[in-house]
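Analysis of the macromolecular model
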Amino acid sequence: MSHVDLSQDPDALQRIFAGLRLAEPGEPVVAEPLPGGVSSGIYRVALRSGDWCVKQALPRLKVAKEWRVPVERVFHEIEWLRTAHALVPGHVPKVVGEDRATGSFVMPMLGSDHRNWKTLLLAGEIAPGVARQAGDVLGRIHAATADRPHVAERFDTGALFHALRLEPYLEEAARVHPHVADRLLELVARTARTRRVLVHGDVSPKNILVGPQGPVLLDAECAWFGDPAFDLAFCLNHFLLKAAHRPEDAARLMLCFQGFALAYAAHVDWELAASVDARAAALLPALALARIDGKSPVEYLGATTRERVRDGALALLAAPPAMLDGLAQQWTQEFKP
Ligand SMILES: Nc1ncnc2c1ncn2[C@@H]1O[C@H](COP(=O)(O)OP(=O)(O)OP(=O)(O)O)[C@@H](O)[C@H]1O
Ligand SMILES: [Mg+2]
């Protein structure tokens, strides 16, 4: 697969959009970079046929610590988007076409009535209703794919999930904190062997646009048939981190936490909801620690808050609450304004 940046490759762009009959003969096809992507090139292409978004996987992630992953992950993202779009069409973009030669795909560009959820949360625009909807969407995707052998076959991506999630987050945190390494590696092992649903792998507010119909999930490069608790804990972690960052909004952010978890739990019918909850509660402190000392540290926390999150996460790892509810209460105590 070529690693030529699509924005520098007018012939490839022309070929892709003409092939999809989205560009008229002779119509110029120009890729305008969108801000944000650390793992991909992501561009807007405005044509007479409409406003399109093209995403191309990059061979190296744009983060400080060395982190290389195969470009083929884009094909898992395409598969996830297609599978999830069929289940929750209003909440996942439609894949309009793919180009194997450049490792890219085209989807409709969501308009200015869609706003990035992370941006909204960090600006204090915190709507627990959006969190409930997002938990509901995730729960529906998990429930509809649970224990489906044909989905499991298509997303047999354990090695990639390890390279993209378990290694850079949890194993890196284990290297930095040898005294809790055993616990972290136990969580890695349990997560890796729990294969029940179609996991998105990067359910973060950064990857969710909030539009008139509610949340739209993007960025499924880490898709894996695996542990539902990972998606649940991964998203809840963002509410914990933001609550630590913005004490004035902590109460509403913890309502998002609760709303997401409750709406999600309503769909759990492939195992006891309490079992997924307990695994998510176990993973959460590890993920919080990983966003301080892993390979993808959270960028918006000040030095003092970083220390407090690290200490809070280590305390929870040492004495883990059995369930998400207890964990949320402890975090609220720790970070009350
Ligand atoms: N279909 C779309 N319409 C409008 N904006 C989009 C669309 N797809 C992605 N974006 C915007 O581009 C940003 C980056 O997209 P995406 O998350 O898929 O790329 P990425 O490089 O994998 O990101 P990262 O690694 O930073 O999470 C999104 O946060 C979103 O704001
Ligand atoms: Mg993203």
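These figures come from a predicted structure and were not determined experimentally.

Scanning the protein for helices and strands turns up 12 helices and 10 strands. In terms of C-alpha radius of gyration, the protein reaches 20 Å, essentially the compact-globule figure of 20 Å for 337 residues. By its C-alpha atoms, the protein is 65 × 40 × 40 Å across when sized along the principal axes. Counting all 337 residues of the protein, 57% fall into the buried class.

Accessible area lost on assembly of the parts is the figure often given for the size of an interface. Each domain of the protein was delimited in the assignment, giving domain 1 (11-22 + 31-108) and domain 2 (115-334). Each of domain 1 and domain 2 was reduced to a C-alpha centroid, and the two centroids are 24 Å apart. The interface of domain 1 with domain 2 comprises 24 residues on the first partner and 34 residues on the second. Counting each side, the surface lost to burial between domain 1 and domain 2 is near 2400 Å², with a carbon and sulfur contribution of 66%. Run the count over domain 1 and domain 2 and you get four salt bridges. Between Arg-154 and Glu-79 there is a salt bridge; the shortest N-O distance is 2.8 Å. On inspection of domain 1 and its partner domain 2, the count reaches 10 residue pairs in polar contact (both at pLDDT 80 or more). Among the elements that line the side of domain 1 that touches domain 2, the one with the most residues is helix α2 (residues 73-87), at nine residues.

The next subject is the coordination of the magnesium ion (ligand 2). Protein-derived ligands of the magnesium ion (ligand 2) are Asn-207 (OD1) and Asp-219 (OD), with the metal-ligand distances lying across 2.0 to 2.2 Å. Of this pair, Asn-207 sits in the loop between β7 (197-199) and β8 (208-211) while Asp-219 sits in the loop between β9 (214-217) and β10 (224-226); the two residues are 12 residues apart in sequence, bridging distant segments of the chain. No difference in accessibility class separates Asn-207 from Asp-219, as the two residues are buried.

The end-to-end C-alpha separation of helix α11 (residues 303-318) is 23 Å, in line with the 22 Å expected for 16 residues at 1.5 Å each. Those residues of α11 that fall on the buried side of the exposure criterion are Thr-305, Val-309, Arg-310, Gly-312, Ala-313, Leu-314, Leu-316 and Leu-317. The inward-facing, buried residues of α11 abut α7 (181-193), α8 (228-245), α10 (273-293) and α12 (324-334).

Bringing the nonpolar core into the picture now. The biggest cluster of nonpolar side chains holds 98 residues, and the ones touching the most others in it are Trp-80, Trp-117, Phe-239, Phe-257 and Phe-260. Of the residues that make up this core, three or more belong to each of domain 1 (11-22 + 31-108) and domain 2 (115-334). If we skip the residues at most four places from it in the chain, Phe-239 touches Trp-117, Leu-121, Ala-131, Leu-253, Cys-256, Phe-257 and Phe-260. Grouped together as the second largest cluster of nonpolar side chains are 15 residues, Leu-6, Ala-12, Ile-16 and Val-29 included.

This paragraph deals with the layout of surface pockets. By volume, the second largest pocket is sized at about 330 Å³. Around the second largest pocket, the lining comprises 19 residues; the ones closest to its centre are Phe-257, Gln-258, Ala-261, Leu-324 and Asp-325. Residue assignment for the lining of the second largest pocket shows that the elements contributing at least two residues are α9 (250-265), α10 and α12. Ranked by residues supplied to the lining of the second largest pocket, first place goes to α9 with eight residues.

Moving on to the sheet that holds strand β6 (residues 115-116). The sheet built from three strands is open, its strands ordered β6-β8-β9 with antiparallel pairing. Whereas interior strands pair on both sides, the edge strands pair on one side only; in this sheet they are β6 and β9. Where β6 and β8 come together, two bridges link them in antiparallel fashion. Opposite Arg-115, over in β8, you have Val-210 as the bridge partner.

Here is what the cut-offs are and how they apply
- Residues numbered from 1 in each chain as written.
- Chains lettered and ligands numbered in written order.
- Predicted model: local features only at pLDDT ≥ 70, side-chain atom pairs only at ≥ 80, totals over all residues.
- Heavy atoms only, no water.
- Helix = DSSP H or I, 4+ residues; strand = E, 2+ residues; numbered from the N terminus.
- Rg over C-alpha atoms; globule rule 2.2 N^0.38 Å.
- Buried < 20%, exposed > 50% of the residue type's maximum accessible area, 1.4 Å probe, protein only.
- Domains from an automatic or database assignment.
- Contact = heavy atoms within 4.5 Å.
- Buried area = accessible area lost by both parts, 1.4 Å probe.
- Salt bridge = Lys/Arg side-chain N within 4 Å of Asp/Glu carboxyl O.
- Polar contact = N/O pair within 3.5 Å; in protein donor to acceptor, adjacent residues only side chain to side chain.
- Donors = N, O, S within 2.8 Å, 3.2 Å for Na, K, Ca; no water.
- Expected span 1.5 Å × (residues − 1).
- Core = buried A, V, L, I, M, F, W, Y, C linked by side-chain atoms within 4.5 Å.
- 1 Å grid on protein atoms, 1.4 Å probe; cavity = no way out; pocket = protein on both sides within 12 Å on 5 of 7 lines; lining within 4 Å.
- Points joined across faces, edges and corners; volume = space filled by probe spheres on them.
- Pairing = 2+ DSSP bridges.

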